Amino acid sequence: MVNAEKMQESKRANPGKATILALGKAFPHQLVMQEFLVDGYFRNTNCDDPELKQKLTRLCKTTTVKTRYVVMSDEILENYPELAVEGVPTITQRLDICHKAVTQMAIEASQDCIKKWGRPVSDITHLVYVSSSEARLPGGDIYLAKGIGLNPETNRVMLYFAGCSGGVAGLRVAKDIAENNPGSRVLLATSETTIIGFKPPNVNRPYDLVGVALFGDGAGAMIIGADAIPWVERPLFELHTAIQHFLPDTEKIIDGRLTEEGISFKLSRELPQIIEDNIGDFCNKLMKVAGNGEKDYNNMFWAVHPGGPAILNRLEKKLDLSPDKLNASRRALEDYGNASSNTIVYVMEYMMEENLKVKKEGQGDTEWGLILAFGPGVTFEGILTRNLIV
């Protein structure tokens, strides 16, 4: 039997390698139960089309989402009734709402994360801020920095409109910063709201209903740093190797455009198949670094951004994963919907819970895993990760 001292030794991060030191999250106050979404959405948009209503009802069941949080409220619709009217230029109103909302959620998620980290906010040296729900100068990074009291000398990076891959892209950037700046501590913050794309149903845009049935709002945060201070910081996961890959000629598969009526967003039906066709080669590049050969997929843990149930199902089938491997991703989808860049934070939190559950059952834990997300491009983001939780 491996004693506690040796187990602790095996869980130490490699010197100079970036680690996730804390996680945090925050949500708006509106909790939406999926079973009540259809009636509420059609009432709020003054639509009584029975065919569209039936279609959304089917979609709500197939997404597997049970609850999610949203910024949209009766009060907002009372103050901005034009948001529910087709063809009205509302980008100014939407951005006013979004800017306040994403800033507040990012502040709350960051404060939650910093509290769990256990060190003062003054020890943060870098900020990576991710959002696809705002457009302003200066960017949301400045407002977040002010809101949590960051030092004015904090180095800042913004990633705008990276979509669902934004959280893992931000983690890749934070890893590079942490490993190239000894002693640095990077706050990664993501914040998203669907108000930027809220629209009434339209028979000419049936794909809009997918977003209504699937997406949610919220914020996430992580602290990333190398060479954790013993007894002060608790490293959770080591970020060993990060890669990005985009697929040529797939620009229209995930298509989002900022218009006078907000974001116009379209997901092609081909997306799950494209991910299925390319996921094996992408994962193998990362797994070889850990000494795992092809087809060793069940020897890894999996933190996958849940873009939707079809993507998770295709990935599970293609890689022949055991049913428990995507538990964290499926739980995040059920509880929060697809919250774009934030969702990987929620998946990582559930991954920690799954790890503790496995240990209690005496099954041991899995050392190596993959953090994955897919976004516009089509872009694959992946990080080979070591589990450091003792």
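In what follows, the structure referred to is the one given above.
Description of the structure in this document. (Residues numbered from 1 in each chain as written. Predicted model: local features only at pLDDT ≥ 70, side-chain atom pairs only at ≥ 80, totals over all residues. Heavy atoms only, no water.)

**Side note on the environment of Tyr207**
No. 1: Its place among the elements puts Tyr207 in the loop between β6 (186–192) and α8 (208–214).
No. 2: By relative accessible area, which is 28% here, Tyr207 ends up partly exposed.
No. 3: Measuring from C-alpha to C-alpha, the distance between Tyr207 and Phe265 comes to 8.5 Å, with 58 residues separating the pair along the chain.
No. 4: Leaving out residues up to four positions away in the same chain, Tyr207 has contacts with Phe265 and Lys266. (Helix = DSSP H or I, 4+ residues; strand = E, 2+ residues; numbered from the N terminus. Buried < 20%, exposed > 50% of the residue type's maximum accessible area, 1.4 Å probe, protein only. Contact = heavy atoms within 4.5 Å.)

**A closer look at the pattern of salt bridges**
No. 1: Applying the stated criterion to the full structure yields 21 salt bridges.
No. 2: Glu334 serves as the salt-bridge partner of Lys66, at 3.9 Å between the closest nitrogen and oxygen. With Lys66 in the loop between α3 (50–62) and β3 (67–70) and Glu334 in helix α11 (residues 327–336), this residue pair connects regions lying 268 residues apart in the sequence.
No. 3: Taking the relative accessible area as the measure of exposure, Glu334 reaches 27% and is therefore partly exposed.
No. 4: Note that Arg330 is salt-bridged to Glu316, the shortest N-O span being 3.4 Å. Of this pair, Arg330 sits in helix α11 while Glu316 sits in helix α10 (residues 309–318), placing them 14 residues apart in sequence.
No. 5: Three or more residues joined by partner-sharing salt bridges are found here, namely Lys25, Asp112, Lys116 and Glu349. (Salt bridge = Lys/Arg side-chain N within 4 Å of Asp/Glu carboxyl O.)

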